[in-house]
Amino acid sequence: MIIIMKDNASAKEIEAVEKTLEDFGFQTHPIYGEKKTVIGAIGDKRQLSMNQILLMSGVENVVPIMKPYKLASKELQKEQSVIDVGRGVKVGGSKLAVFAGPCAIESQEQFTTIARQVKDAGANILRGGAFKPRTSPYSFQGLESEGLEIMYNSGKECDMPICTEVVDTRDVELVAKYSDILQIGARNMQNFKLLREVGKCGKPILLKRGLACTMEEWLMSAEYIMSEGNENVILCERGIRTYETATRNTFDISAIPVSKELSHLPIIADPSHATGTYKYVPSVAKGAVAAGADGLMIEVHNCPEKAASDGPQSLKPEKFAALMKELDVIAKAVGKTLL
Ligand code: PEP
Ligand code: MN
């Protein structure tokens, strides 16, 4: 970090700052100007926070040099991470990853039907919710362990990896037993105990962006998972809360190039939860691929009118198949492949 002293800070104040930094193991590199002194400090910030220095007499500002997240950062790893999610599917490489399936798993028949349809259309990962984080306690909460079994069966039959959400630390072991990828939903992006727990599970994690979280907060959440030894984190931009009510959330397309600059982790886009309306899903999906997303998560239902959850934003299988064809053209234009 760099410590900027106030104009005409006294020699005593400068010395006190240097001594504190050195006591905490930092190397100090002061530059004495005529009016202003600036101190470069190199060391482990875990021992001493910037705020402690900021409180010292004569200090004007403290500027970090390194990002607060390390493992998730481009500073640590320049090349993009490619995450093997099983059954020969990778996320972050030149082939786009398309997670598709219903919001909630409703029955074996429903899930298998949709799984076959999205596979035929070119999706390579199945999604579906067994534990649903619903806004209302009276809404369908998911089939839980029965849902996991249903999903597992379909994944096996279609030879596709599966991705499902875990909402409670007590279920991590169970979900990890069935699922190839564990999803952390937007509402749990800052559930730090859950992040630590999935960090220990050994399966790739899909980390959705919190409803009102900044890029830095999101990457700090990735850091929680990675700091437990699980480096296989996939980011998912699913829209953020703004004043706009025409769509369920506001899709932050800039999150894609910004995350590419800050982090080596792959990022996918979820136009279904971002827009909340099936009509808008294709445009946002195409925009995300053009912007450099490593993949998409799209809700698909064979009978959206009767869906237990998120019907209005679910594409019918034929619409999904048509979209995949259009996306293929865009993928090629940005040097990726899809179908
Ligand atoms: C979901 O994927 O069904 C879901 C609940 O997503 P989010 O956490 O983005 O709202
Ligand atoms: Mn949903």
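Please read these numbers as outputs of a predicted model, since none were measured by experiment.

Attention now goes to the nonpolar core. Of all hydrophobic cores here, the largest spans 67 residues; its most connected members are Leu 207, Ile 298 and Phe 320. One finds Val 17, Ile 53, Met 56 and Val 59 within the second-largest nonpolar core, a separate group that totals 15 residues.

Within the span of helix α10 (residues 281-290), buried status applies to Val 281, Val 284, Ala 285, Ala 288 and Val 289. Within α10, the buried residues cover an arc of 135° as seen down the axis, which keeps them to one side. Tucked into the core, α10 has its buried residues touching α8 (255-262), β13 (267-269), α9 (271-275), β14 (295-299) and α11 (317-333).

Our next topic: the domain arrangement of the chain. Here the chain is described as being made up of domain 1 (2-63) and domain 2 (83-333). Distance from the C-alpha centre of domain 1 to the C-alpha centre of domain 2: 45 Å.

Quick look at the environment of Ile 234 now. Within the secondary structure, Ile 234 sits in strand β12 (residues 233-237). Overall, the relative accessible area of 0% leaves Ile 234 in the buried class. Along the backbone, Ile 234 and Ile 267 are 33 residues apart, and their C-alpha atoms lie at a distance of 5.8 Å. Apart from the residues within four sequence positions on either side, Ile 234 is in contact with Ile 83, Val 85, Val 91, Ile 205, Leu 206, Leu 207, Pro 266 and Ile 268.

Another aspect to go through is the site of ligand 1. Lining the immediate environment of ligand 1, one finds Cys 103, Arg 127, Lys 132, Glu 165, Gln 183, Gly 185, Ala 186, Arg 187, Lys 208, Arg 238, His 273 and Glu 299. The contact in question runs from an oxygen atom of ligand 1 to an N or O atom on the side chain of Arg 187, over 2.9 Å. With respect to ligand 1, the side chain of His 273 contributes an N or O atom lying 3.2 Å from an oxygen atom. Its free accessible area being 300 Å², ligand 1 has 97% of it covered by the protein chains. Residues belonging to the shell around ligand 1 are distributed by class as follows: 2 nonpolar, 3 polar and 7 charged.

Rules used throughout
- For every chain, the first residue of the written sequence is number 1, and numbering continues from 1 onward in sequence order.
- Whichever chain is written first is A, and whichever ligand is written first is 1; the rest continue in order.
- Side-chain atom pairs in this predicted model are given and counted only at pLDDT of 80 or more, local residue features only at pLDDT of at least 70, and totals for whole chains, interfaces and linings cover all residues.
- Based on all heavy atoms of the structure, the side-chain values leave hydrogens and waters out of the count.
- In plain words, nonpolar cores are sets of buried Ala, Val, Leu, Ile, Met, Phe, Trp, Tyr and Cys residues tied together by side-chain atoms within 4.5 Å.
- Only protein chains enter the accessibility calculation, which uses a 1.4 Å probe; a residue whose area is less than 20% of its type maximum is buried, one above 50% is exposed, and one in between is partly exposed.
- Strands here are runs of E lasting at least two residues and helices are runs of H or I lasting at least four, both read from the DSSP assignment and numbered beginning at the N terminus.
- Throughout, the arc means the angular range of directions from the helix axis out to the C-beta atoms.
- Contacts were defined at the residue level, with two residues in contact if any of their heavy atoms lie within 4.5 Å.
- Marked domain ranges trace back to an automatic or database domain assignment.
- Working definition: residue near molecule or strand if any one of its non-hydrogen atoms lies within 4 Å of it.
- Pairing of N or O atoms within 3.5 Å defines a polar contact, subject to two protein rules: one partner must be a possible hydrogen donor and the other a possible acceptor, and residues neighboring in sequence count only if both atoms are side-chain atoms.
- Surface exposure here means Shrake-Rupley accessible area, sampled with a 1.4 Å probe, where a residue is shielded only by the protein chains that are shown.
- When residues are grouped by polarity, Ala, Val, Leu, Ile, Met, Phe, Trp, Tyr, Cys and Pro land in nonpolar, Asp, Glu, Lys and Arg in charged, and all others, Gly among them, in polar.

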